[in-house]
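What the coordinates show
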Amino acid sequence: MQTRSEQTRQALVRAAAELIANGRLADAGLVNICRRAGVSRGALYHHFSSIAELNAAVYERAHERVVALMDEAFGGGPVEDAPERLLIAFCEALRTEELVRAGIQLAVDGSVGPPRLRDDVLTLVRERVAATHRGTVPAPEDLADLAVVVAAGLETLGHTDADWWDARTSKRLWALLRPLFAGRAGGAAGTGADDSLGADGSLGADDSLAAVDAVGAVGVAATEGAGRRGEGERV
């Protein structure tokens, strides 16, 4: 059972997260946080020396949550589908969890950064994708960059239209990208040089064109979605 002190601390973190997630950092001021949490100013300063320290606690909890989602996504199932599992889980957390939606906007010190948690997450995505696909695809670093582009795009677009965070959107986009992450038997088994690799070990012509087509499709989807939102329609 939580002590009264622990309950108060959690209420303050939750209040700050709600205000940031549903507004902006400037909304998470002393008066608004205390009113939302139902505590006095003295209680706030008993737990946190400043609002920045409170916001840093929001960052810390959001970071823990995102890392847990990442561990789960890359911890089981087919390797080539790990980025899809992560995108779906990450976007769902952004859509439904105010803690994650707030924390993604903050830096480790509780400021707006940079770097923010968003930047940290994208770095982790690149590292995880590259590591898990090394030895199974020709150019894991290139594909890791592609995964970062898609994750960054969905995160950004979702702040103005939450439909971009819907699981169906991630699945639709991943259907375009999955062939690039599936690898090739020859390259994965080490039976010889993969014809799809360039001289420098990067993606060859066919894969490069496929990547351009996939990213182009994502860009078209984003542009069309922005246009429809401008007309007051949902994506």
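For the structure given in this document, a descriptive report is provided here. (Residues numbered from 1 in each chain as written. Predicted model: local features only at pLDDT ≥ 70, side-chain atom pairs only at ≥ 80, totals over all residues. Heavy atoms only, no water.)

**Quick look at the nonpolar core**
In terms of nonpolar packing, the biggest core is built from 63 residues, with Leu12, Ile33, Leu54, Val58, Val121, Val125 and Phe181 touching the most fellow members. Looking at this core, the elements with two or more residues in it are helix 1 (4-21), helix 2 (30-37), helix 4 (51-74), helix 5 (82-96), helix 6 (98-103), helix 7 (117-133), helix 8 (140-158) and helix 9 (167-181). With 11 residues, the single largest contributor to this core is helix 4. (Core = buried A, V, L, I, M, F, W, Y, C linked by side-chain atoms within 4.5 Å. Buried < 20%, exposed > 50% of the residue type's maximum accessible area, 1.4 Å probe, protein only. Helix = DSSP H or I, 4+ residues; strand = E, 2+ residues; numbered from the N terminus.)

**What to know about helix 9**
A bend of about 45° at Ala175 is the largest found in helix 9, and the proline Pro179 appears one to four places after it. By the burial criterion, the buried members of helix 9 are Thr169, Ser170, Leu173, Trp174, Leu177, Leu180 and Phe181. For helix 9, the N-terminal capping position is held by Asp166, with its side-chain oxygen 2.8 Å away from the main-chain nitrogen of Arg168. (Bend = angle between axes of the 7 residues up to and from the residue. Polar contact = N/O pair within 3.5 Å; in protein donor to acceptor, adjacent residues only side chain to side chain.)

**Considerations on empty space enclosed by the protein**
Summed over all chains, the structure comprises 1 cavity of 30 Å³ or more. By volume, the largest cavity amounts to about 60 Å³. If you go around the largest cavity, the residues you meet are Pro83, Leu86, Leu87, Phe90, Val125, Ala147, Ala151 and Trp174. Elements represented by at least two residues in the lining of the largest cavity include exactly helix 5 and helix 8. (1 Å grid on protein atoms, 1.4 Å probe; cavity = no way out; pocket = protein on both sides within 12 Å on 5 of 7 lines; lining within 4 Å. Points joined across faces, edges and corners; volume = space filled by probe spheres on them.)

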